[in-house]
Amino acid sequence: MFSTFQTLTVERPGAAGPVRLAARVGGQGTPLLLLHGHPQTHAMWYRVAPTLAQRFTVVMMDLRGYGDSARLPADTVHANHSKREMAADALAVMQAAGLERFQVLAHDRGARVAHRLAADHPQAVERLMLLDIAPTLAMYERTTEAFARAYWHWFFLIQPAPLPEGVLQTDPSGYLRSVMGKRHAGMAAFAPEALAEYERCLRLPGTATSICEDYRASATIDLDHDRADIAAGRRLAQPLRVLWGEHGAVGHNFDVLALWRERAQAVEGQALPCGHYIAEEAPESLLAQCHTFFRSEPLPIA
């Protein structure tokens, strides 16, 4: 899927030891970081990354706990899987690629990492586009029955170990199909090669623990970090475009633009004609949005 991209492996120090991060780099132009969602890997960008690489230096990475990046152990406060640590991972990958300032395109869990990355490292993030999320704290505080039914995995995965881990370990493919296949486009939205990659990585040792800890962190330590930003009056200063699927649960249950305008200074966005998996369901629409939002440099004349 990414024959023109080079692989990149980065290690950064962490409280639990070195953190290995898997990434791919391709293209030329201004740097653009792509961050994937759950339960996927960087492979989710297969329908848009090659085109973006014609105008940007594209870096795709696997979040810790996903893809071929490191699986970290659980800890009592879920700090190993906080979005603050994941954001530091992303910054380390970009710096290892020699890219100190960059733009970000991020989906789902990756978009929550991107939010923290822009908040914690504003000198590095020039602008960002977030796909199909509202701010995490707002989504928890304003949850409705309809949202809880649609996003049941949010509330299942945060339960104490070992119940959710056991379910994921017993039938990772069944879990993936339950989460992804029951949304708007069903399983038809995903290319067989990408689906095989998602399933392969879900079976890797330690994945179930990391996934549950990712969600537990979002319901605990990540909310503490968000509340601290709000208490201090900190809002994202970067230009922010938010997109959501018109057939997805996020837009149906939350006023996405209004919630992001509480957390950022310059927000624009709209719904796209798809469900949650925008990059795979509506790649042409997403590419059009990218080309009007992200700053790019012209390709050199051959």
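Keep in mind that what you see is a predicted model, and the values were worked out from it rather than measured. (Residues numbered from 1 in each chain as written. Predicted model: local features only at pLDDT ≥ 70, side-chain atom pairs only at ≥ 80, totals over all residues. Heavy atoms only, no water.)

J.: Tell me about the packing of aromatic side chains, and name the residues and values.
T.: For the structure shown, the criterion picks out 12 aromatic pairs. For the ring pair Phe147 and Trp154, a centre distance of 5.4 Å and an interplane angle of 90 degrees mean the geometry is edge-to-face. Given a relative accessible area of 2%, Trp154 falls into the buried group. Ring geometry for Trp152 against Tyr175: centres 6.3 Å apart, planes inclined by 80 degrees, an arrangement best described as edge-to-face. Placement of the pair is Trp152 in helix H6 (residues 152-156) and Tyr175 in helix H8 (residues 172-181), with a sequence separation of 23 residues. Relative accessible area serves as the criterion here: at 32%, Trp152 is assigned to the partly exposed category. Here the guanidinium or amino end of Arg127 rests over the ring plane of Phe293, the centre of that ring lying 4.8 Å away. Seen from the ring of Tyr151, Arg183 lies directly overhead, with NZ or CZ sitting 4.7 Å from the centre. (Phe/Tyr/Trp six-rings, centres within 6.5 Å; stacked < 30°, edge-to-face > 60°. Buried < 20%, exposed > 50% of the residue type's maximum accessible area, 1.4 Å probe, protein only. Helix = DSSP H or I, 4+ residues; strand = E, 2+ residues; numbered from the N terminus. Lys NZ or Arg CZ within 6 Å of the ring centre and 35° of its normal.)

J.: Help me get a handle on the sheet that holds strand S3 (residues 30-35), residues and values and all.
T.: An order of S1-S2-S4-S3-S5-S6-S7-S8 is seen for the eight strands of this open sheet, with the pairing classed as mixed. Pairing within the sheet leaves two strands with one partner each, and these edge strands are strand S1 (6-12) and strand S8 (264-272). Across this sheet, the average inter-strand angle for adjacent strands is 20 degrees, counted without regard to direction. As defined by bridge partners, strand S2 (residues 19-27) adjoins strand S4 (residues 56-61) across five bridges and the pair is classed as antiparallel. (Pairing = 2+ DSSP bridges. Axes fitted to C-alpha atoms, helices over the stretch in contact; angles between N-to-C directions.)

J.: Just give me the short version of the UniProt feature "domain: AB hydrolase-1" (unreviewed entry) in the protein, but keep the residues and values in it.
T.: According to UniProt, the feature "domain: AB hydrolase-1" (unreviewed entry) maps to residues 31-281 in the numbering used here. In the segment residues 31-281, helix accounts for 45% and strand for 17%; the C-alpha atoms at its two ends are 25 Å apart. (UniProt positions renumbered as here; feature names shortened; annotations may be inferred.)

J.: Mind laying out the environment of Val267, listing which residues take part and the relevant values?
T.: Within the secondary structure layout, Val267 lies in strand S8. Sequence separation of Val267 and Ala237 is 30 residues, and the distance between their C-alpha atoms is 9.7 Å. Setting aside its immediate chain neighbours within four residues, Val267 contacts Leu240, Val242, Leu257, Trp260 and Arg261. (Contact = heavy atoms within 4.5 Å.)

J.: Would you mind going over the packing of helix H3 (residues 109-120) against helix H11 (residues 221-231) in detail, with residue names and values included?
T.: Between H3 and H11, the shortest axis-to-axis distance is 12 Å and the interhelical angle comes to 40 degrees. Our classification of the angle between H3 and H11 gives oblique. Note that H3 runs across H11; the crossing there is left-handed. Together, His115, Arg116 and Ala119 of H3 and His225, Asp226 and Asp229 of H11 make up the contact between the two elements. The residue inventory of the contact of H3 with H11, partitioned by class, reads one nonpolar, two polar and three charged. (Parallel < 35°, antiparallel > 145°, perpendicular 65-115°, else oblique. Left-handed = near helix turned anticlockwise from the far one by under 90°. Nonpolar A, V, L, I, M, F, W, Y, C, P; charged D, E, K, R; others polar.)

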